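# Remarks on the overall topology
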Amino acid sequence: MEDVLCDLTTVNTVNTKELTRILPIDILVWGAEHLRDLPWRRTRNPWFVLVAEVMLQQTQIDRVLSKWPAFLEEFPTVISCAVAPTSEVVKQWEGMGFNRRAVLLHQAAKSIKDNHGGEVPLELDELLLLPGIGPYTARAILAFAYEQDSAVVDTNVGRVLARWMGRRLKPAEAQELADRSVPLGEGWAWNQAVLDFGSMVCRSKNPKCEECPIYSSCAWQGIGVDPAKGSAGVSGTQSRFEGSDRQGRGKLVAALRKNPIKKSELAEVMGWPLDPERAERVASTVISDGLATSEGDTLSLPQI
């Protein structure tokens, strides 16, 4: 009986310690010296930040660096994007991949125009109601545009949290730990620092533990199974692109940016000349995602 009580006491002590753990302030100090100079970090314009965050979803920074200013030159305000036809937004998205994000961004702009007077909301619940705006993007807008003490959890942050705790985290656990770790009044700088720290030091492969400012308090310290694998927010390996449905979708949208496409041309355009059934099936998902409209025997970009 005494052994059981001892075990329960130990468990309760561990849980209590976990509840009070927060990421060390050393990350903020590290960020002050190492933070990358990225153009969207020089603005607090909520629309500019929103566009950047949507673009950065599943897209490498190098590609966004050139597309972000070009997109904003065409659509400098929420209203200018909202009143434009979907086709123009999709055309401006060229080269970014995952084209459905362009449609959702356009829909979000329309919602902001119609429901918020053209002003990007500054409440989490309202942001989460916008098309294409999930928990990370909503909190990123609050932190990076409105400088609120809102914590973001993406794959880099999720990896830092899991390794520092030494175990896989559930989504609610990761968000709670991230929220508790934000130093008061430092939401912008703290989140940017943790993001860069995860990208540059606590990397997915070959983490630089020897350069880590929080190594002494890290529960993992690069030893044994990586607790970040399968933990909340940490993305897994992406499926092969070559020959995939995603590749066929991309080829179709790229062709539609130039001209309408006859349905009889779908298989050839999408790279499956001997598999017209597959081409038709995948093309139907492009239509259902709002990236194309079908009229008669022709597909074209939406004009609404």
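As a reminder, the structure under discussion sits directly above these lines.
Nothing here was measured: the structure is a model prediction, and the numbers come from that model. Within each chain, residue numbers correspond to sequence positions counted from 1 in written order. Only residues with pLDDT of 70 or above have their local features reported here, since the model is predicted, and side-chain atom pairs are shown and tallied only from 80 upward, although totals for entire chains, interfaces and linings are computed over all residues. Hydrogen atoms and water are omitted, and side-chain values are computed over all heavy atoms in the structure.

This part covers the environment of lysine 91. The topology assignment puts lysine 91 in helix α6 (residues 86-92). Three labels apply to residues, based on accessible area from a 1.4 Å probe with only protein chains included: buried if under 20% of the type maximum, exposed if over 50%, partly exposed otherwise in between. Owing to a relative accessible area of 33%, lysine 91 belongs among the partly exposed residues under this scheme. As for lysine 91 and valine 194, which are separated by 103 residues in sequence, their C-alpha atoms are 34 Å apart. Ignoring anything within four residues of it in the chain, the contact list for lysine 91 reads Arg257 and Leu301. Under the scheme used here, helices are H or I runs from DSSP no shorter than 4 residues and strands are E runs no shorter than 2 residues, and both carry numbers assigned from the N terminus. In this analysis, two residues are considered to be in contact whenever any of their non-hydrogen atoms come within 4.5 Å of each other.

The next subject is the sheet that holds strand β1 (residues 261-262). Strand pairing follows a simple DSSP-based rule, namely that at least 2 bridges must link the two strands. With antiparallel pairing, the three strands of this open sheet are ordered in space as β1-β3-β2. At either margin of the open sheet sits one strand with a lone partner, and together these are β1 and β2 (293-295). In this structure, β2 lies alongside strand β3 (residues 298-300), joined through three bridges in antiparallel fashion. Looking at the pairing, serine 294 lines up with leucine 299 of β3.

Moving on, we come to helix α9 (residues 135-144). Most of α9 is tucked away: nine of the 10 residues are buried. Turning to α9, its buried residues number three or more, namely Tyr136, Thr137, Ala138, Arg139, Ala140, Ile141, Leu142, Ala143 and Phe144. In this fold, the buried residues of α9 make contact with α3 (46-56), α8 (124-128), α11 (171-181) and α12 (187-200).

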